[in-house]
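Residues per chain are reported as follows:
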Amino acid sequence: MRTVRVASAEFDVRDEGEGDPVLLVAGGGASGRVWDLHQVPALSAAGFRVLTFDRRSLQDPSAPSDPRTVADELSYVLAELDLPELRAVGVSSGGEVVQELMLARPDLVTEAVLMATRGRRDLSGRAMADAERELAAAGVLLPPGYAAWQRAVLNLSPATWRREDELLDWLDLFEAAERAGTAPVPVPAGSEPADRLDALGRVAVPVLVLGFEHDLIVPPWLCREIAAALPLGRYAELADCGHYGYLERPAEVNSALLEFLTGTH
């Protein structure tokens, strides 16, 4: 692991495998280690060099990061790592970071995969963010078990709920995160995604956009909008998974990733 410091943050970068580099960008509040169980082994076995990272703000460690800021910081970090070009994969707000990276550095990203991410503000996302901020402002602290159940409802597919042994593991994981204080925090007011659909029309590289059928956080139609806005965009939707589709259906997600990253466009 290598630590790279920029003006406002430190990046702990993990670098595994050999071959063409692929950068994996996790969603807000998630550690880069979230990729280690499924995506890093699959990409490494396919002959890719895989980079993941954790970002620590030097100003307010608890504050969610702006995608444009993180994209600018990553440009510097990747230059420090002597990576003039690479493929990039992002999920949720990590997908927004990859969008900004493609727009700011068209020379850097040669292909991209965007999963469960949006390209504009939308009513459902805004309503959810407003509700979470209102709850936090009221000083309400949900019991860990209830918070874990709520997180499972919002992020997992009904198909996962039917597999009770698997669901129990998810609930235990979410409750442990709540008790450890590592659960996601509300997005500050004014930090919702800007409308980037028009700007994405300037992206000249192939991009695969993956939507998840039962995603309540980023409904699939928002992903389809991004694919339609990209000149070389294509859209695919995976069934029976929610916002955590890359963890719920890793085999299907990895198959889509590898088919795109190893194919010709």
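Residues numbered from 1 in each chain as written. Predicted model: local features only at pLDDT ≥ 70, side-chain atom pairs only at ≥ 80, totals over all residues. Heavy atoms only, no water.

Asks: Before we go on, may I ask you to explain helix H3 (residues 93-104) in this structure?
Replies: For H3, which comprises 12 residues, the first-to-last C-alpha distance of 17 Å matches the rise-based estimate of 16 Å (1.5 Å per residue) to within 8%. Of all 12 residues in H3, 10 are buried; the element is thus mostly enclosed. Taken together, the buried positions of H3 are Gly 94, Gly 95, Glu 96, Val 97, Val 98, Gln 99, Glu 100, Leu 101, Met 102 and Leu 103. On its buried face, H3 is in contact with strand S3 (20-25), helix H2 (67-80), strand S5 (86-91), strand S6 (109-115), strand S7 (207-212) and helix H8 (220-229). (Helix = DSSP H or I, 4+ residues; strand = E, 2+ residues; numbered from the N terminus. Expected span 1.5 Å × (residues − 1). Buried < 20%, exposed > 50% of the residue type's maximum accessible area, 1.4 Å probe, protein only. Contact = heavy atoms within 4.5 Å.)

Asks: Even after reading the chapter, I still don't get the packing of helix H5 (residues 144-155) against helix H7 (residues 164-180), so can you show me in this structure?
Replies: Between two packed helices, what matters for the description is the angle formed by their axes and the separation of those axes. Across the interface, H5 lies against H7 with an axial gap of 8 Å and an inter-helix angle of 125°. Between H5 and H7, the interaxial angle falls into the category oblique. As H5 runs across H7, the sense of the crossing is right-handed. When H5 is examined against H7, the residues Pro 144, Gly 145, Ala 147, Ala 148, Trp 149, Arg 151 and Ala 152 are found in contact with a partner set consisting of Leu 171, Phe 174, Glu 175, Ala 177, Glu 178 and Arg 179. (Axes fitted to C-alpha atoms, helices over the stretch in contact; angles between N-to-C directions. Parallel < 35°, antiparallel > 145°, perpendicular 65-115°, else oblique. Left-handed = near helix turned anticlockwise from the far one by under 90°.)

Asks: How should the pattern of salt bridges be read in this particular structure?
Replies: Proximity of charged atoms lets side chains of opposite charge pair with each other. Across all of its chains, the model carries 18 salt bridges by this definition. Arg 196 serves as the salt-bridge partner of Glu 100, at 2.9 Å between the closest nitrogen and oxygen. Pair noted here: Glu 100 is in helix H3 and Arg 196 is in the loop between H7 and S7, with a separation of 96 residues, a long-range link. Exposure remark for Glu 100: the relative accessible area of 10% places this residue in the buried category. The exposure class assigned to Arg 196 is buried, which follows from its relative accessible area of 17%. (Salt bridge = Lys/Arg side-chain N within 4 Å of Asp/Glu carboxyl O.)

Asks: Hey, could you run me through helix H4 (residues 123-137) in this one?
Replies: Helical geometry note: an α-helix holds 3.6 residues per turn, so side chains three or four residues apart project in the same direction. The end-to-end C-alpha distance of H4 is 21 Å, a good match for the 21 Å that 15 residues give at a rise of 1.5 Å each. Inspection of H4 places Gly 125, Ala 129 and Arg 133 among the buried residues, and these make up the whole buried set. In a view along the axis of H4, the buried residues occupy a sector of 65°, so they form one face of it. Within H4, the exposed residues directed more than 90 degrees away from the buried face are Leu 123 and Glu 134. Remark: Gly 139 follows H4 within two positions and exhibits a positive phi of approximately 75°. (Arc of directions from axis to C-beta.)

Asks: Is there a simple way to think about the packing of aromatic side chains in this case?
Replies: Here a ring pair, both rings aromatic, is described through the centre-centre distance and the interplanar angle of the planes. Under the counting rule described, the total for this entry stands at six aromatic pairs. Judged by centre distance (5.5 Å) and plane angle (40°), the ring pair of Tyr 146 and Trp 149 falls under tilted. With Tyr 146 and Trp 149 both in helix H5 and three residues apart, the pair spans about one turn of that helix. Judged by its relative accessible area of 40%, Trp 149 falls in the partly exposed class. Ring centres of Trp 170 and Tyr 244 lie 6.0 Å apart, and the angle between their planes is 25°; this geometry places the pair in the stacked category. Here the residue Trp 170 occupies a position in helix H7, and Tyr 244 occupies one in the loop between strand S8 (233-238) and helix H9 (245-248), the gap between them amounting to 74 residues. For the pair Trp 170 and Tyr 244, one class covers both residues: buried. Put simply, the rings of Trp 170, Phe 174 and Tyr 244 touch in pairs and so form one group of aromatic residues. (Phe/Tyr/Trp six-rings, centres within 6.5 Å; stacked < 30°, edge-to-face > 60°.)

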